[in-house]
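Below are the chains, spelled out letter by letter.
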Amino acid sequence: MDDHQNFRELARRLLEAVGLDVVGEASSGVQALVEERRLRPDIVLLDIQLPDLDGFTVASTLSSLPAAPTVVLVSTREASDYGPRVGGCGALGFISKAELTAASLAAMLSG
Amino acid sequence: MTSVQRRVVQAVVLLVLALVGLVELEHFWLSTIDRPPILVLDDLIPGYAFALAGLIAWSQRPWNRVGVLMVGIGLGLLLGAGPVPVPSPLGEQQNVLDNTWTFFQVVFGSLWGVALFHLLLVFPEGRFVSRLDRQMVGSLYVLVPMSGLALGVLALVPLQSIDPNLGSASDRFNAVGLSLLATFFYYFGCWVIGLGRVIRRWVRAAPARRRAMSPVIWSLVPIVVAWLGPFATNGPIWGVWPRLVMATATPLLLVSLPVGFLVALLRSEHEMSSVGDLVVKLSDGMLPEQLQPALAKTLHDPSLEVLYWLPTLGRYADLNGETQSLPAPNSSRAATVLGDPGGPVAALVYDSSLRNEARLVDTAAAAVRLALENARLQVQLRAQLDDVRQSRARLVDAADSERRRVERDLHDGAQQQLVTLLLSLQLAKAAAVRCSDSKAVQLLEGSIESLRQALDELRSLARGIHPTILAEAGLMPAIRSLADRCPIPIEVTGDLDRIEPKLEMALYFVAAEAITNAVKHSKGQRICVDVRRGSGCATVDISDDGIGGANPSRGTGLVGLADRVAAVGGRLDVLSSHPHGTTLHAEVPCG
């Protein structure tokens, strides 16, 4: 979920290249919540800076749902730029977009 | 009305008073044959008292209708003096219609009471302050002469001479009598409501207004005694003497009201002497701060304000330099602008009841003119300083907004593009790996690494322009984030909850600049940052164990920081001595 289409396309290719099934995309916080209800994904890759709701709010909402998906926050900024909000929003973790690879995502998901 | 016209009218009034006096003199001598003289003077004494007091008031305060109304009341009372025919229910033939004066007396002789009601409601300004007052007085000016006319026709016109078929005189009397009774109750009701409103205004008035109204209010007491006295003394248990005393005192008691108005008028003349005290105080030296209270005391108006005209800024300001406006016309406040040919110097703003004391206000204002000129220079300086402070705060706000915008643009634009490029290169590298093209893989890895470094530098630049964490999480996490990235160990102590963003920004940039300076110049091994909330302020102390020698007068870094802190009303202290390191103490006001 990201408002930049180029990033969404590249991320999709990156994830599909390692065998993950990308079931949907969203370009805003509200659309992200709607699509999650419709598609029920296992993992949500969520940009922090969205045009309507911020990523922390979306992550908190998603995490509070029954059968909540695993949320991974992404941003062009670093986690230290957001302080304690990253750890307190219910997301599994944070990956800087510059560090986003199949390996970094797999490492985070495997704990 | 010009002053010449006014004097002509006043001369005519005096002439009328003299003529009425001559006419009444004859009546007086005839009446005193069987009555005490004081009883005959019942209407004459208050009539003359009102007329003469009104003429004085009119001369002294020509712009105020109070004087004219008092003259009108006086003439009305004199008009009502003398014998008034008693209406006869029998409708007997009466020849008094030939006496036009008597008819005139009956129709208009009671108007003085309406004029008195009018006067009480418009005192002290001389104009109505509410629509209800205006409506009550207007309706009485119409109804009372109409009732007088009905009474006059009933009592004086031989009914049969008009139309024999009009019914009996007794029927006519009953019909008119009922309407007269209704008018009486309306008249009485208006007086009760009007007096209630006047007393309520007096109780609730500002001190200056209450002081102006007081003589008139207190003079109402003898009037009430004069009106209620006959009811009280007419009982069978009292005997003759109380009634005689009451009857004798009544005309004298009725004089109290015009005397009340005159006292209110003459008191301001007496109070001119208080201006003398003001001049003596001024000659002993008076600070600008003391001018306003001294003037307020002299003019008996604690609400008085002195506003100063600031020609360079084109506005009025109070002593603190804050912008103020003159009161609107017809509001409860009035203003006297003091100036010279070059323009206004200052303005006195006071309760509108002081309009009647224009001479007193002008004299007091003239006495303080020079002191006001001096005070104005100080106020102008304060106002300019205030403007500079506000302008500096606006500049800092504008700069901060611009920083936020640039950081956001970098994030949404260049950083996003570079991240996308990085992901593309990683996909290309994955493809090259699949094709076992080691040369391409090597080239792509180099490009990816360079791109990562560029992104890091760009992020660092954006963070320096405007730290996202400051807005997201506040000052403490932002300073801890600074500490995490610093090559020298930093100990962060203290705690501070969220405060105004512009205050957080000022303290953050002090800390960031101090840490950068310590890393670059101090040669120290350790930095301590302490953040606290003090009494009405928030503080940040940054100290290092370096060589010291920081000089705020050299270079623009520390001066710029001091300006930024001052722009939000705070201060920055720098303590730096060789070889004891440097300490910066920043303090900003916050609730």
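Residues numbered from 1 in each chain as written. Chains lettered and ligands numbered in written order. Predicted model: local features only at pLDDT ≥ 70, side-chain atom pairs only at ≥ 80, totals over all residues. Heavy atoms only, no water.

Student: Can you tell me about the overall build of chain A, naming the residues and giving the values?
Tutor: Along chain A, the regular secondary structure elements total four helices and three strands. When its helices and strands are written in sequence order, chain A yields α-α-β-α-β-β-α. Here chain A holds 111 residues, and 44% of them are scored as buried. Residue pairs in contact within chain A that sit at least 24 positions apart in sequence constitute 52% of those at least 6 positions apart. (Helix = DSSP H or I, 4+ residues; strand = E, 2+ residues; numbered from the N terminus. Buried < 20%, exposed > 50% of the residue type's maximum accessible area, 1.4 Å probe, protein only. Contact = heavy atoms within 4.5 Å.)

Student: Outline the pairing of strand 5 (residues 343-351) of chain B, listing residues and values.
Tutor: Residues and elements named next belong to chain B. Counting buried residues in strand 5 gives seven out of nine residues, a clear majority hidden from the surface. Bridging between strand 1 (residues 305-310) and strand 5 involves four bridges; their strand directions are antiparallel. Bridge pairing in strand 5 links Val306 to Leu348. Pairing of strand 4 (residues 333-340) with strand 5 involves eight bridges; the strand directions are antiparallel. Directly across from Thr336, in strand 5, lies its bridge partner Leu348. In sequence, strand 4 turns back onto strand 5 through a hairpin of two residues. (Pairing = 2+ DSSP bridges.)

Student: Hey, could you go over unusual backbone geometry for me, with residue numbers and the actual values?
Tutor: Residue and element names in this part refer to chain A. Backbone geometry at Arg40 places phi at a positive 50 degrees, although glycine is not the residue there. Along the polypeptide, Arg40 turns up in the loop between helix 2 (29-39) and strand 1 (43-47). Looking at Arg40, the relative accessible area reads 46%, which means it is partly exposed.

Student: So what about the sheet that holds strand 2 (residues 70-75) of chain A? Which residues, and what values?
Tutor: All names here are of chain A. Spatial strand order, 1-2-3: three strands in an open sheet with parallel pairing. The sheet terminates laterally at strand 1 and strand 3 (93-96), the two strands that pair on one side only. With strand direction ignored, the average angle separating the axes of adjacent strands in the sheet is 30 degrees. With five bridges joining them, strand 1 and strand 2 adopt parallel strand pairing. Among the inter-strand pairings, Leu46 is bridged to a residue of strand 2, identified as Leu73. (Axes fitted to C-alpha atoms, helices over the stretch in contact; angles between N-to-C directions.)

Student: An account of the side chain of Arg77 of chain A is requested, with residue identities and associated values reported.
Tutor: Along the chain, Arg77 of chain A turns up in the loop between strand 2 and strand 3. Polar contacts involving the side chain of Arg77 of chain A include one to the side chain of Gln49 of chain A, which spans 2.8 Å. Reaching out from Arg77 of chain A, the side chain makes a polar contact with the side chain of Tyr82 of chain A at a distance of 3.0 Å. Leave out the neighbours within four places in its chain, and Arg77 of chain A touches Gln49, Tyr82, Phe94 and Ser96 of chain A together with Glu407, His411, Arg459 and Thr468 of chain B. (Polar contact = N/O pair within 3.5 Å; in protein donor to acceptor, adjacent residues only side chain to side chain.)

Student: Go over the confidence of the model for chain B, please, and point to the residues and values.
Tutor: All names here are of chain B. Here chain B averages 81 in pLDDT, and 82% of its residues register 70 or above. Across residues 84-98, where pLDDT falls below 50, the model places 20 contacts with residues more than four positions away in sequence or in other chains. Scored as a whole, the predicted complex attains pTM 0.53, and scored at its interfaces, ipTM 0.88. (pLDDT = per-residue confidence, 0-100.)

Student: Give a description of the pattern of salt bridges that names residues and reports values.
Tutor: Scanning all chains against the criterion turns up 31 salt bridges over all chains. Taking the shortest distance from any N to any O, the salt bridge between Glu78 of chain A and Arg459 of chain B comes out at 3.6 Å. Of this pair, Glu78 of chain A sits in the loop between strand 2 and strand 3 while Arg459 of chain B sits in helix 17 (residues 438-465), which puts the two residues in different chains. The class for Glu78 of chain A is partly exposed, based on a relative accessible area of 28%. Because the salt bridges share partners, they merge into one network encompassing Glu78 and Asp81 of chain A together with Asp456, Arg459 and Arg463 of chain B. (Salt bridge = Lys/Arg side-chain N within 4 Å of Asp/Glu carboxyl O.)

Student: Please give an account of the sheet that holds strand 10 (residues 582-589) of chain B that cites residues and values.
Tutor: Picture the strands of a sheet paired through backbone hydrogen bonds; they go either parallel or antiparallel. Residue and element names in this part refer to chain B. Strand order in the open sheet formed by five strands is 6-7-8-10-9, with mixed pairing between adjacent strands. Looking at the sheet topology across the chains shown, the edges are occupied by strand 6 (490-494) and strand 9 (571-576). Strand-to-strand, the axes of this sheet are offset by a mean angle of 10 degrees, without reference to chain direction. Contacting strand 6, strand 7 (527-534) and strand 8 (537-544), helix 19 (residues 475-485) crosses the sheet at an angle of about 165 degrees to strand 6. With respect to the sheet, helix 20 (residues 501-522) is in contact with strand 6, strand 7, strand 8, strand 9 and strand 10, its orientation differing from that of strand 8 by roughly 5 degrees.

Student: For helix 19 of chain B, give the residues involved together with the corresponding values.
Tutor: Residues and elements named next belong to chain B. By the criterion of burial, helix 19 is predominantly enclosed, with eight of the eleven residues buried. Every buried residue of helix 19 is listed here: Leu475, Met476, Pro477, Ala478, Ile479, Ser481, Leu482 and Ala483. Taken together, the buried residues of helix 19 touch helix 18 (468-473), strand 6, helix 20, strand 7 and strand 8.

Student: Quick rundown of the nonpolar core? Include the residues and the values.
Tutor: All names here are of chain B. Core analysis: the largest hydrophobic core is formed by 41 residues, its most contacted members being Leu475, Val529 and Ile542. For this core, the secondary-structure elements that each account for two or more residues are helix 18, helix 19, helix 20, strand 7, strand 8, helix 21 (557-567) and strand 10. Sort the elements by how many residues they give to this core and helix 20 lands first, with twelve residues. Look past the residues within four positions of Ile542 in its chain and what remains in contact with it is Val510, Ala511, Ala514, Ile515, Ile527, Cys528, Val529, Thr582, Thr583 and Leu584. Ala53, Ala115, Phe117 and Trp202 belong to the second largest nonpolar core, which has 35 residues in total. (Core = buried A, V, L, I, M, F, W, Y, C linked by side-chain atoms within 4.5 Å.)

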